[in-house]
Every structure is written in structure tokens, then in C-alpha cells.
Amino acid sequence: MDMNGRLVGQSVQRVEDPRLISGRGAFTDDFAPEGMVWGMVVRSPEANGYLTGLDTSAAEAAPGVLAVLTAADAAADGLGTFEPASAMPLADGSPMRVPHRAILATDRVRHVGDPVAFVVAETLQQARDAAELVTVDIDSLPAVTTLEAVRDGTAPPAEPGWDDNLLFHFEKGDAAAADAALAGAAHVTRLSLKISRVQPAPMEPRAHLGEYDAASGRYTLTTPTQSPWRIKNTLAQDILHVPAEQIRVIAPDMGGGFGNRSTTLQEQALVLWAARRLGRPVKWRSDRSESFQSDDQGRHTLATAELGLDAEGRFVGLKVHTLYGLGAYHAQVSVGPATNNLGVLAGVYQLPVIHVEVDGVMLNVNPAAAYRGAGRPEASYIIERIIDRAARETGRDPIALRRLNMIPPDAMPYKTALTYTYDSGNFAAVLDRALEAADHAGFQARREAAKARGLLAGIGVACSIESAGGPARGENARLKLRQDGDVELTIGTHSHGQGHETVFRQVVGDVLGLGLDKIAFVQGDTDALHDGGGTAGSRSSAVGGGVTQLAGQALIKAARPIAADALEASEDDIEFAEGRFAIVGTDRSVGWAEIAANAAETGRLETLAVEESYKVAQNAFPNSCAIAEVEIDPETGAVAFSRYTVVGDFGTVLNPMLLDGQIHGGIAQGAGQILFEELLWDEETGQLVTGSFMDYAMPRADDLPMFATETLPIPTASNILGAKGVGEAGCVASLPAVMNAIVDALAPLGITEFDMPATPHRVWQAIARARREG
């Protein structure tokens, strides 16, 4: 607590950690109800083709096998299909193309790993052995695995009968005004960028447990998901065609999410369907290799951008076109990451005109869905990279160019040229503090020292902003007083690393005047709360924290009549402070334990359970300045990530330690994509080349420097706590900051364009090419 006894704003240690690090967590794979059997998915070995035959007879006869389910069985049982949550038309106005996606493949397979059958057996090994006995016959079609082939016009249509591979077209902004601005600009910088496709890799691979109670007709799904209520409603309405009340979703402890766990998945439906057919609980779990073939993936963009400057260096207009690789099917939220966060392209700058176009592209690879930032890092990468390029082309200092074009604090609220209205922020102050904290003035000496060691040093700056915690989805919380005087908070968000069990206790503790040990925490159970918004889009601190505060205030209001009776006073004479109800002007008071005892004695305890809903007024806009430094060995191409400083305005800080943890994780994910991560497929066969951590490089602790983080908070008026959100901010800034540093290091060799990932081999190739051509 601080000097005033407040919990919010303090670095309270995570209360969930002792349970998790001592092995007492409860993850989906820890649950094994009596009679449980195992499922194994048979997946397509081909990237594209017609499914012409499926022989399951050998598998059905294998030891322990209870069922081998196919698309024919699903059709007979009337199961529905998986549809995207939103749609965008094609450029000619015709409807968005939506490849048919059933629970199991019907007549077509569209990527390696497409589910074609579901084997259920008594044991996992029996299910695995039997799955290998299923014979799958496929008439192959050409596979399309790269956006470059689509861009260059060399890709055949991924779907027979189509004339191209486009699924939708999206456009925002004033095209004519942007063209005019660029035509009249003193200088136009043009830049093409590739943003690699990446594999979300939570520590816990996916696992799903389905149960069915024939007597009640109720399904129970235990699953690692960020969005239990979304999963419940989608499975009920679109797949199983039952009332939503007949499905219960339980999301227990979960080893990470990153957006990858926010949508409804085929395997979730498979275990419920199989449980109903067999009358026994059914579990499926993936290993890491199967995850690479079956999990929704992230990013994957080819972008071209044009930025116009006047003679003084002020931005006059921006045009952007992106090809966004959606994969073989629409994930439930596939359109969102491609289009929802394009407003980030405006950055923290006075950019009078912006026009952007997005073409969603079908490829014969896994579907793409939300991944930490969900379009925000891509947009930030584009604007921050092209500003650095413009500075280099016009001979300007990249920091001075940013400062010249920054939105001043007295311009707030500021309506950008694309989507957003910023309510608050002092971007120049954040930049200045970051420069000081990073010892930017001392970089030249560090560069010379690196040169003396035969290394190329570079520094990169990124001033990022994002939209977070908007009004599209509200949140719900239930707070009840228990008979022992403790309280129980049930909330619709889901914590899987963020520390909600701690930070929401801090909010409740401040409102009710209780210690953290007096507050129980419940999440991830659709039977415990009528609705919940889940965790995504950096929304939890603002929306979840806000509804938690409202629930605390509602509980005080509900308890006031009981306190008045206990004190034999009028309600009007009762005040509440520091955990006690008192008669104004006296020392007579009662605490929560006395309230609970009185309520229990008088039969009113159930009145001390309140439920609140909350929607924020508008989006919040967390912003930061990140400064990265790298050192490159020109003889090997190895990039050493040496320093990283970030200063951010994340609004009201609920727990500084947890905030730092969120930033650190985001930095690691962004830097990992820049330095190492890229999913690759064989361009002829569509076979996954990077199918394990032996081939797909993940960042390790020794690949990262110590991070220096600071905050300069300006509370937002968009929500009652003033929090702006931080879950994705580290990732939004680190992609451009680290790549700008790499290009800065390579620029003396004449290398001013370089695409991720900056692996030693690719960096060495670029250096060798520059030396040959120099």
C-alpha cells in the first residue's frame, strides 16, 4: 500500500504466482473425468486438392477405437460451419469470398493440416496409432503459399473457378485528396515492406475436453480460451444448433494466449460432438508439431507506402496498400486484424490526408487470426519505417523530423485523418524523456567503440500509438459478500499471464477497504456470469478494472441498509470509509464481517451479491517512444540486440510491476519477429518447412538486453479508471524500433532497405551483396 493505504498504483506482487510456480495450477490437460477417452485428428498431408477418398475401416478395427468420425457423420448430425464474424466485399462490390469450412473437410482440403477425420479411442496412444491407419486420397491442386506470388501475378487461383486469390477489398480515407497531396509534395518517399507470418507459441499447446450430459442435454467444454462467452455462443448458434444455455465453457489456468486463443476452433467442436455421440468425456490435445499445422497464425503482410513532405519537412499525405495473407480459411476474426486498426497508420503525427487499401488474400496455409496487436504493430511498422526512410532521403535527422510533425498536447482532442480521435497525450514529452533515458546523446561514442571492435552499431526510434479497450464490447462482474466477511469477485475477462487475479483484487481492495487475502477471484466459467467480454485488445485494465470498481461501489450501496439496521440508525446517517460503515459524527461502526453476520442472521445475505456491466465511452490511446540499439558483426551477419529503452503513457498505472511485465513480453515478441521468426512453406508442394522449434527460431533470454522502462501517465477520460492499456504496446513499438536500428547500422554500407527477419544468413547476404555492388 502507499502512504494513504491505497493498493492501486503499487507494485503488489502477483498473488497467483505461488500457486502456478509450485505446480498447483489447473490447466485443461490436468482434467481427466471418469471414463475419459482420447481424440486424434487425421489431417490432410496435401496443401490443396480434392478429397476423393477416405478409408477408415482399418482404423475402426484397431484396438481400443470407439469411433472414427468424418464429414459425412457431421452432415448426418446436422452440424454447422465455421463463419467469419465480419465481412468485407470485393472491390466490385460482390460479397466477400468465404471458403467452405466445416468441422471436418468435405470434398476439399486447403492446407497441410486441414482436419479430415477424428479418431476416438480408449487411450491417447491407441487413438494416435489408429489415426495413422486412415487412408486419405487427394487429387492435388497447385498450392499458393506466398504473397509475393499473388503480388507478381504468378500464383494460380487457390480455388478452382476463381480468377484470382482475393477474398475481400477494404478502403479507407480520401484517395483523391491523398493523390493530390502527393502530387504537390516537395518530396515523396516510397517504401515496400514485408511483415512475416509468425507462429503464436503459448507455453501451453492447445487442449480441449468435451463432456455431454444426456439427462440435461448440456455440453461442457474445458478449453484454454481468452473468450469463453464467444466460444459458447458460436458453438451453440453456428455449429451445434442448440440454445446457448445448453453449453458451459470453462477456461481454467492457461499458459498464454496472444490472440491465438480468442476464436472458436474446430477441435473444440469435435470433442463436444464426439462426447455426445459416445456418452463419454473426450479430450484432444496437440503437441507442438501439430500446433504448427493447425493453430491460427499471425501477421503476414506485403505493404507499399508513399509519404509526401513539403519543403520544410512537414507531412502532407500518406498512401498505403497492403496484401494481407488470410490463409486457407477465414478465422473467426480474420478480417479484424487486417482492417480494424489501420488508424494506427496516422501515428502521433499531424498527417492531414491518408488513404489506405487492403486486399485480403487466400493462401494454402493455416488461417491467420489475431496475434498480439492484431494489426497495430503492422501499421506502426509501416509509418515508423517510412519516416526513417524519408529522413534519410531528405538529409534530415529522424528525431527532428518526428518532432516537427508531432501532434502538440494543446491540440487534444485531435481528430486524425484516419478513424481515430485522440483524447490525450504529450508525445513530444514522451520522446524527450525516452531520448534522455536511453542516453541518445552518448550513442555516437558507443558507435565508435563498436567500430573499433569491428562491429556496425545502429540506433532506432519508434514513436507508437494504438487503440485499446474500445466500446465495442462491454464487461461484466459479480461481487458477493460471503458469510465469513470475505468477498468473491467473478469477472468476464480471462487472465493467462496478465495478473488479473492480483490487479483486480487491488481495485476491489481499495473500494471496499479489504486486504487482498479477503478477496476470492473467479474467472473463465460461463455458468458463473451471464456474459463476459473476455481478454483481448488491451482492454482488461480499462473495462475489467472499471466494472470491478463499479461492482465494489454497488456492493457498498447494497450493504448500507444492513449497516443501518445493525447500527440502529438511518441510512442517511451512514457513511463508508476504510472498510467500515459508521454513523456520521460517532465512533460507532461495523465492518464487512459484521455486515455478513447480520445479513446471514436476517436472511439477507443473498442481497449482498451484485452484478454490474460496463462499457467505456470511447477507445483509449496508449502511446510510447522506444529506442533500440543493435550491433552487427559484418563477417557473420549476427545481430546483437544490445539496448532497449521505452517510455510510455499508458494512462493510470494500476500495478507498475505488472505493467513492466506486459511491456517486456511485448518487446520480446516484436524483437523475435524482427530477428528470427518466419513461417515458410515449400512453394511447390505447400509443405511446411518451419514445422518445429528446430526450424522456427524463438527468442531466448540471452538474445535480449535488459529493458529500461518508464511511464509518463496522462489518465484518459474514456474510462472511469483512466487506464489506457498496455498488453500490446510493447509489441507495437518494438517491431519498428528494432528494425530501424538494424537499417541504421547497415546504412553506411549502402543498405537502406531490409526486410524481416534479420537472421545472420540474411544480414550476411545483404552485406556481401552491398560489398560486391559497392
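Further up the page is the structure itself.
Scope of this entry: the structure provided in the associated data block. What you are looking at is a predicted structure, and each value in this text was computed from that prediction instead of being measured.

This next bit is on helix α19 (residues 729-746). Look at α19: 27 Å from first C-alpha to last across 18 residues, which is about the 26 Å you get at 1.5 Å a residue. When you tally the buried positions in α19, you get 18 out of 18 residues, the bulk of the element.

For the rest of this paragraph, the subject is the layout of surface pockets. Counted as a void, the second largest pocket has a volume near 440 Å³. Lining the second largest pocket we find 18 residues, and of these Met40, Val41, Val42, Arg43 and Ala131 sit closest to its centre. Counting residues per element, the ones that place at least two in the lining of the second largest pocket are β1 (37-43), α4 (124-131) and α9 (288-294). Among the elements that make up the lining of the second largest pocket, the one with the highest residue count is β1 (four residues). For the lining of the second largest pocket, the per-class residue count stands at eight nonpolar, four polar and six charged.

For the rest of this paragraph, the subject is the sheet that holds strand β4 (residues 108-109). Think of a sheet as strands paired side by side through backbone hydrogen bonds, with each pair either parallel or antiparallel. Taken together, the three strands give an open sheet; going across it, the order is β4-β2-β6, and neighbouring strands pair in antiparallel fashion. This sheet does not close on itself; its edge strands, each paired only once, are β4 and β6 (135-140). Sheet topology note: the strand β2 (residues 49-55)/β6 ladder contains six bridges and is antiparallel. If you follow Leu51 over to β6, its bridge partner there is Ile138.

Turning next to the packing of helix α18 (residues 656-675) against α19. It is at 7 Å that the axes of α18 and α19 come closest, and there the two elements cross at 40 degrees. Between α18 and α19, the interaxial angle falls into the category oblique. As for how α18 packs across α19, the hand of that crossing is right-handed. Here Ile663, Gly666, Ile667, Gln669, Gly670, Ala671, Gln673, Ile674 and Leu675 of α18 come into contact with α19, specifically with Gly730, Cys731, Ser734, Leu735, Val738, Met739 and Ile742. Here the contact of α18 with α19 is built from residues that sort into 10 nonpolar, six polar and no charged.

A word on the side chain of His494. Looking at where His494 falls in the secondary structure, it is placed in the loop between β20 (487-491) and α15 (500-512). In this structure the side chain of His494 is engaged in a polar contact, spanning 3.1 Å, whose partner is the backbone oxygen of Pro252. Of note is the side chain of His494, whose polar atom sits 3.1 Å from the side chain of His496. Apart from the residues within four sequence positions on either side, His494 is in contact with Thr225, Gln226, Ala251, Pro252, Met254, His500, Gln523, Gly524, Gly534 and Thr535.

Right, let's talk about the pairing of strand β28 (residues 707-711) for a bit. In this structure, strand β27 (residues 639-649) lies alongside β28, joined through five bridges in parallel fashion. Bridge pairing in β28 places Gly648 opposite Thr711. In the classification by handedness, the crossover that spans β27, the intervening α18 and the parallel β28 is right-handed.

So, on to the nonpolar core. Phe168, Ile632, Tyr644 and Ile742 are the most contacted members of the largest nonpolar core, which has 121 residues in total. No other element matches the 12 residues that α19 contributes to this core. For Ile632, the contacting residues outside a window of four places in its chain are Leu455, Leu456, Gly637, Ala638, Val639, Ile742, Ala745, Leu746, Val763 and Ile767.

Time to look at the pattern of salt bridges. Tallied over the full model, the rule gives 51 salt bridges. Residues Glu466 and Arg376 are paired through a salt bridge, measuring 3.4 Å at the closest nitrogen-oxygen approach. With Glu466 in the loop between β18 (456-465) and β19 (475-481) and Arg376 in helix α11 (residues 376-394), the pair connects residues that are 90 residues apart, well separated along the chain. When sorted by exposure, Glu466 lands in the same class as Arg376, which is buried. Between Arg700 and Asp702 there is a salt bridge, and its shortest N-O distance comes to 3.5 Å. Residue Arg700 shares its accessibility class with Asp702, and that shared class is exposed. Via salt bridges that share partners, Arg43, Arg206, Glu267, Glu290 and Asp295 belong to a single interconnected network.

What follows deals with empty space enclosed by the protein. Under the defined criterion, the tally for this structure stands at four cavities of 30 Å³ or more. Of the voids in this model, the largest cavity is the one considered here, and its volume is about 80 Å³. Around the largest cavity sit Thr301, Thr322, Tyr324, Pro337, Ala338, Leu342, Leu345, Gly375, Glu378, Ala379 and Ile382, which together line it. Secondary structure elements with two or more residues in the lining of the largest cavity: β14 (315-327), α10 (335-339) and α11. Of the residues forming the lining of the largest cavity, the biggest block, three residues, is contributed by α11.

Here the focus is the environment of Tyr614. Along the chain, Tyr614 falls in strand β25 (residues 609-614). Classification of Tyr614 by relative accessible area gives buried; the value is 11%. Non-local contacts of Tyr614, meaning those with residues more than four positions away in its chain, are made with Gly474, Glu475, Ala542, Val543, Gly546, Val547, Leu550, Ser718, Asn719 and Ile720. Here Ile720 takes part through its backbone nitrogen, which lies 3.0 Å from a polar atom of the side chain of Tyr614.

Rules and cut-offs
As a convention, each chain's residues are numbered from 1 in the sequence order in which they are written. For this predicted model, a pLDDT threshold of at least 70 governs which residues receive local features, and a threshold of 80 or more governs which side-chain atom pairs are given and counted, while totals over whole chains, interfaces and linings are taken from all residues. Water and hydrogen atoms play no part in the side-chain values, which are based on all heavy atoms of the structure. Starting at the N terminus, helices and strands are each numbered in turn, a helix being any DSSP run of H or I of at least four residues and a strand any DSSP run of E of at least two. By this rule, a helix spans an expected 1.5 Å times one less than how many residues it contains. Accessibility here uses a 1.4 Å probe with only protein chains present; expressed as a share of the type maximum, an area under 20% marks a residue as buried, one over 50% as exposed, and anything in between as partly exposed. In this analysis the probe radius is 1.4 Å and the grid spacing 1 Å, with only protein atoms considered; a cavity is a set of points the probe fits into but cannot get out of, a pocket is an open set with protein on both sides within 12 Å along at least five of seven lines, and lining residues have an atom within 4 Å of a point. Grid points are joined across faces, edges and corners, and a volume is the space filled by probe spheres set on the points. Three categories are distinguished: nonpolar for Ala, Val, Leu, Ile, Met, Phe, Trp, Tyr, Cys and Pro, charged for Asp, Glu, Lys and Arg, and polar for the others, with Gly belonging to the last. Any two strands are treated as partners once DSSP identifies two or more bridges connecting them. The axes used here are C-alpha line fits, helices contributing only the stretch in contact, and every angle between their N-to-C directions lies in the interval 0 to 180 degrees. Here the angle decides the label: under 35 degrees means roughly parallel, over 145 means roughly antiparallel, 65 to 115 means roughly perpendicular, and every other value means oblique. Handedness of each helix crossing follows the sense of rotation of the near helix against the far helix: counterclockwise by less than a right angle gives left-handed, clockwise gives right-handed. Throughout, a contact is declared for two residues whenever any of their heavy atoms are within 4.5 Å. Polar contacts, as counted here, are pairs of nitrogen or oxygen atoms within 3.5 Å of one another; within protein the pair requires one atom able to donate a hydrogen and one able to accept it, and residues that are adjacent in sequence qualify only if both atoms are side-chain atoms. Convention used here: a crossover is right-handed provided that the path from the first strand, over the helix, to the second strand proceeds clockwise when the strands point away from the viewer. The term nonpolar core refers to a set of buried residues drawn from Ala, Val, Leu, Ile, Met, Phe, Trp, Tyr and Cys, joined through side-chain atoms within 4.5 Å. We define a salt bridge as a side-chain nitrogen of Lys or Arg found within 4 Å of a carboxyl oxygen belonging to Asp or Glu.

All quantities given are derived from atomic positions and should not be read as evidence of function.
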